[in-house]
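Analysis of the macromolecular model
Chain residues, written in single-letter form:
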Amino acid sequence: MGLTSTNPVFEGWRLLYKQTCKAFQTQSSLFPFCYCWESTAHSATMAKDMTLFWGSGSPPCWRVMIALEEKNLQGYNSKMLSFEKGEHKSKEVAAINPRGQLPAFKHGDVVLNESYGACIYLEEQFKSQGNKLAPDNKAESALMYQRMFEGLTLFQKLAQSLFYTRFVPENERHDSAQKRNTEELKAEVKLWEGYLQKTGPYLAGKSFTLADVIVFPVIAFLFRFGLNEEHFPKLAAYYNTVKDRPSIKNSWPPTWKDTPGQNALKDF
Ligand SMILES: N[C@@H](CCC(=O)N[C@@H](CS)C(=O)NCC(=O)O)C(=O)O
């Protein structure tokens, strides 16, 4: 329930304030203040009935957090869980996500466990709140969806190469398979370098969209694992610009802040 539904005094003030904002819209520097005031009150109300269970450094979790920040939905119930301690297998996660995976996200009674679904849902439900993340233009929209879903392949190839020993039991491992996975990841990363060269500065062109919300955490993961900035200058420029965006800074994986990265990808 919103702040405005039953209280006539508040409703009167709200209408007056709205009209004042409208009047200021074109002529006054006070407008941004009015706008922020409204969207903050609104987002706090909307975000209170949202819950996110997440794990630090997980790209699927991080993208949902970025979407929440971009849509000005700070103030949701946020609970960081430890994969190492097996907290994602707890009953409270299973109640939302029977796979015992993170993210586990709930908005009121609506459950969204798929990170892509949660990001698209947030943009759809809060279209005019926070930053617009889906372009109206047909070609830009198509490119956004294309890059978003190609992000699945990038993440899959990353996981297959970097976590080969985690996913494949010892007696099933082959050096040739590990080598092939590494080559496939390298070719995939080159593809993304080319995309940015052709249609940057963002992943779907001139503006920050859901493609960036969704794929940036995967690109950040590559650099966390030592991707060489000199070999991939477009990806590096993209990474270094987008990482300073408020939504990214505010949701940066806490466990990355005080631990060094790794260098598995330094020879790429
Ligand atoms: N399809 C899910 C995948 C989520 C996912 O793979 N989460 C991983 C962390 S990155 C997880 O919870 N792994 C623990 C497990 O599977 O037990 C999404 O994109 O939201």
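In what follows, the structure referred to is the one given above.
Residues numbered from 1 in each chain as written. Predicted model: local features only at pLDDT ≥ 70, side-chain atom pairs only at ≥ 80, totals over all residues. Heavy atoms only, no water.

**Focus on the site of the ligand**
Under the convention used in this document: For this description, a residue counts as near a given molecule or strand if any of its non-hydrogen atoms is within 4 Å of it. Pairs of N or O atoms are called polar contacts if they sit within 3.5 Å, as long as, within protein, a hydrogen donor faces a hydrogen acceptor (for residues adjacent in sequence, only side-chain-to-side-chain pairs). Note on areas: Shrake-Rupley, 1.4 Å probe, and residue coverage restricted to the protein chains presented here. In this classification, the charged set is Asp, Glu, Lys and Arg, the nonpolar set is Ala, Val, Leu, Ile, Met, Phe, Trp, Tyr, Cys and Pro, and all remaining amino acids, among them Gly, are polar.
Surrounding the ligand, one finds S58, P60, F83, H88, K89, Q101, L102, P103, N113, E114 and S115. A distance of 2.8 Å separates an oxygen atom of the ligand from a polar side-chain atom of K89. Separating an oxygen atom of the ligand from a side-chain N or O atom of S115 is a distance of 2.7 Å. Relative to its unbound accessible area of 510 Å², the ligand is 72% covered by the protein chains. Among the residues forming the shell around the ligand, the class breakdown is four nonpolar, five polar and two charged.

**Concerning the packing of aromatic side chains**
Just so we agree on the cut-off: Pairing of aromatic side chains requires ring centres within 6.5 Å, counting the rings of Phe and Tyr and the six-membered ring of Trp. Pairs whose planes differ by under 30 degrees are stacked, by over 60 edge-to-face, and all others tilted. Helix numbering and strand numbering both begin at the N terminus, where a helix is a DSSP run of H or I of at least 4 residues and a strand a DSSP run of E of at least 2. Relative accessibility under 20% of the residue-type maximum defines a buried residue, over 50% an exposed one, and the middle range a partly exposed one, all with a 1.4 Å probe and only protein chains included. Here, a charge over a ring is recorded when the distance from Lys NZ or Arg CZ to the ring centre is within 6 Å and its angle to the ring normal is within 35 degrees.
Inspection of every chain in the model, using the stated rule, returns 15 aromatic pairs. Aromatic pair F163 and F221: ring centres 6.1 Å apart, planes at 75 degrees, arrangement edge-to-face. Pair noted here: F163 is in the loop between α6 (138-162) and α7 (164-167) and F221 is in helix α9 (residues 210-224), with a separation of 58 residues, a long-range link. A relative accessible area of 14% means that F163 is categorised as buried. Sitting over the face of the ring of Y195, R147 holds its NZ or CZ atom 3.5 Å from the ring centroid. The ring of F268 carries K186 above its face, with NZ or CZ at 6.0 Å from the centroid.

**Observations regarding helix α3 (residues 59-70)**
Using the following cut-off: Multiplying one less than the number of residues by 1.5 Å gives the expected span of a helix.
Between the first and last C-alpha of α3 there are 16 Å, a value that for 12 residues agrees with the 16 Å anticipated at 1.5 Å per step. Of all 12 residues making up α3, 12 are buried, and the element is well covered by its neighbours. Among all positions in α3, only P59, P60, C61, W62, R63, V64, M65, I66, A67, L68, E69 and E70 are buried.

**Quick notes on the nonpolar core**
For the record, the criterion: Joining through side-chain atoms within 4.5 Å is the link that ties buried Ala, Val, Leu, Ile, Met, Phe, Trp, Tyr and Cys residues into a set, and such a set is a nonpolar core.
With 69 residues, the main nonpolar core has L68, L122, F216, I219, L227 and L235 as its most contacted residues. Elements with a minimum of two residues in this core: β1 (50-55), α3, β3 (104-107), α5 (115-125), α6, α8 (175-199), α9 and α10 (233-242). The element contributing the most residues to this core is α9, with 12 residues.

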